[in-house]
Amino acid sequence: MKKQDIASIKQLLSTKKKIVIVPHKNPDGDAIGSTLGLYHYLIKSGHKVNVLVPNDYPSFLKWIPGNETILKYDYQSGVCDALIKDADIIFTLDFNAFHRTGDMESVLTESNGLKIMIDHHQAPDDYATYMYSDVSMSSTCEMVYHFIDMLGNADAVDSNIATCLYVGIMTDTGSFRFPSTTSTTHNIVAKLIEKGANNSDIHNNVYDTNSYERLQLLGCALSNLKVIPELRTAYITLSQNELQKYNYKKGDTEGVVNYGLSLDGIVLAAIFIEDRNEGIIKISLRSKGSFSVNEMSRAHFGGGGHTNAAGGKSYLSLEKTVEKFISILPTYNKALNNE
Ligand code: 5GP
Ligand code: MN
């Protein structure tokens, strides 16, 4: 972020402001961790702050400090609309295009509050007055730490802020194993532990609170796994019937796509999940090396994300979506086999 912008933001935050913080729809660990981490920091600095999420999130994130203060747009749109209209500053975290907030898109587009973006996804839209956008960052949580540090307030990071930020760095780096994890990431994580983030408890809370049914659903997903070795691709499908059979709850399929990528020699992994309520197939794509699933999703599945992790959707049936995926793969033959 430019020094000039930091100076302006510092000036802006030197008096009490009404602030709203918004993450993307279907918020994940990085979205909830970064918004609540920033929330605690701004509250501590004397501002009036609300975190507004477009919709619900998995229960394995509901222990994070400040969770009980979050307002959900799909339940409380009236209250949220009023807060957005009244806000002096709107922080948008872990996304970079208003359509990623689902039903909040129009109220955010029409709002007059000054926008500050903190995000690490590719191809940001141009809506923010101050844009802290860096695709090389492991997570928005890592960026929130840098942001607080750039404001000269790293000392303000306490155990609540540290705990929130640790969650998103851990989840977005696949527990510190993805290539986006740098020595700087580890340095920050070390500081967060010093400030009171309990790394072992946080890992337990997020990853070791499975229900029996969630593991059964994972078993079903793994038995549906298909491999196309000549195109170094693996994919998984989950139909609505299968989800219902195992009493699917939000977050139950998080991380399942990575099992495809764990196969020796596989460069591209996908999961196709039927969502009859929304009338879509939700697609998650993951890759290794320089193969860009962001580009693949933008070109074919109306989504995007990062080089190695992207989301998208399809309005075709589950079967037709998989057919489409298989039919486009040969156009990527060279890139897949060059990895
Ligand atoms: P997931 O597959 O876990 O839903 O998403 C993988 C990554 O891509 C996440 O960082 C997520 O925020 C991002 N992502 C998911 N869907 C979309 C989308 O429709 N557009 C963009 N730009 N990013 C997405
Ligand atoms: Mn993120």
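Up top is the structure these notes are about.
A few points on the structure. (Residues numbered from 1 in each chain as written. Chains lettered and ligands numbered in written order. Predicted model: local features only at pLDDT ≥ 70, side-chain atom pairs only at ≥ 80, totals over all residues. Heavy atoms only, no water.)

A word on the site of ligand 1
Then comes step 1: Lining the immediate surroundings of ligand 1 are 13 residues, of which R100, H121, S284, R286 and G304 lie closest.
Then comes step 2: Residue G304 places a main-chain N or O atom 3.0 Å away from a nitrogen atom belonging to ligand 1.
Then comes step 3: A distance of 3.5 Å is found between an oxygen atom of ligand 1 and a backbone nitrogen or oxygen belonging to G311.
Then comes step 4: Surface burial for ligand 1 is 82%, taken as the share of its 500 Å² of free accessible area covered by protein chains.
Then comes step 5: At the level of secondary structure, the elements contributing two or more residues to the shell around ligand 1 comprise β10 (280–287), β11 (304–305) and β12 (309–314).
Then comes step 6: Class assignment for the residues of the shell around ligand 1 results in 2 nonpolar, 7 polar and 4 charged. (Near = heavy atom within 4 Å. Polar contact = N/O pair within 3.5 Å; in protein donor to acceptor, adjacent residues only side chain to side chain. Areas by Shrake-Rupley, 256 points an atom, 1.4 Å probe, with all protein chains shown as cover. Helix = DSSP H or I, 4+ residues; strand = E, 2+ residues; numbered from the N terminus. Nonpolar A, V, L, I, M, F, W, Y, C, P; charged D, E, K, R; others polar.)

With respect to the coordination of the manganese ion (ligand 2)
Then comes step 1: Listed as protein donors to the manganese ion (ligand 2) are D30 (OD), D94 (OD), H120 (NE2) and D172 (OD); their distances from the metal cover 2.2 to 2.4 Å.
Then comes step 2: When the donors of the manganese ion (ligand 2) are listed by position in the chain, the intervening gaps give D-x63-D-x25-H-x51-D. Highlighted residues: D30 in helix α2 (residues 29–44) and H120 in the loop between β5 (114–119) and β6 (130–133), separated in sequence by 90 residues.
Then comes step 3: For D30, a relative accessible area of 0% puts it in the buried group.
Then comes step 4: Overall, H120 belongs to the buried group, its relative accessible area being 1%. (Donors = N, O, S within 2.8 Å, 3.2 Å for Na, K, Ca; no water. Buried < 20%, exposed > 50% of the residue type's maximum accessible area, 1.4 Å probe, protein only.)

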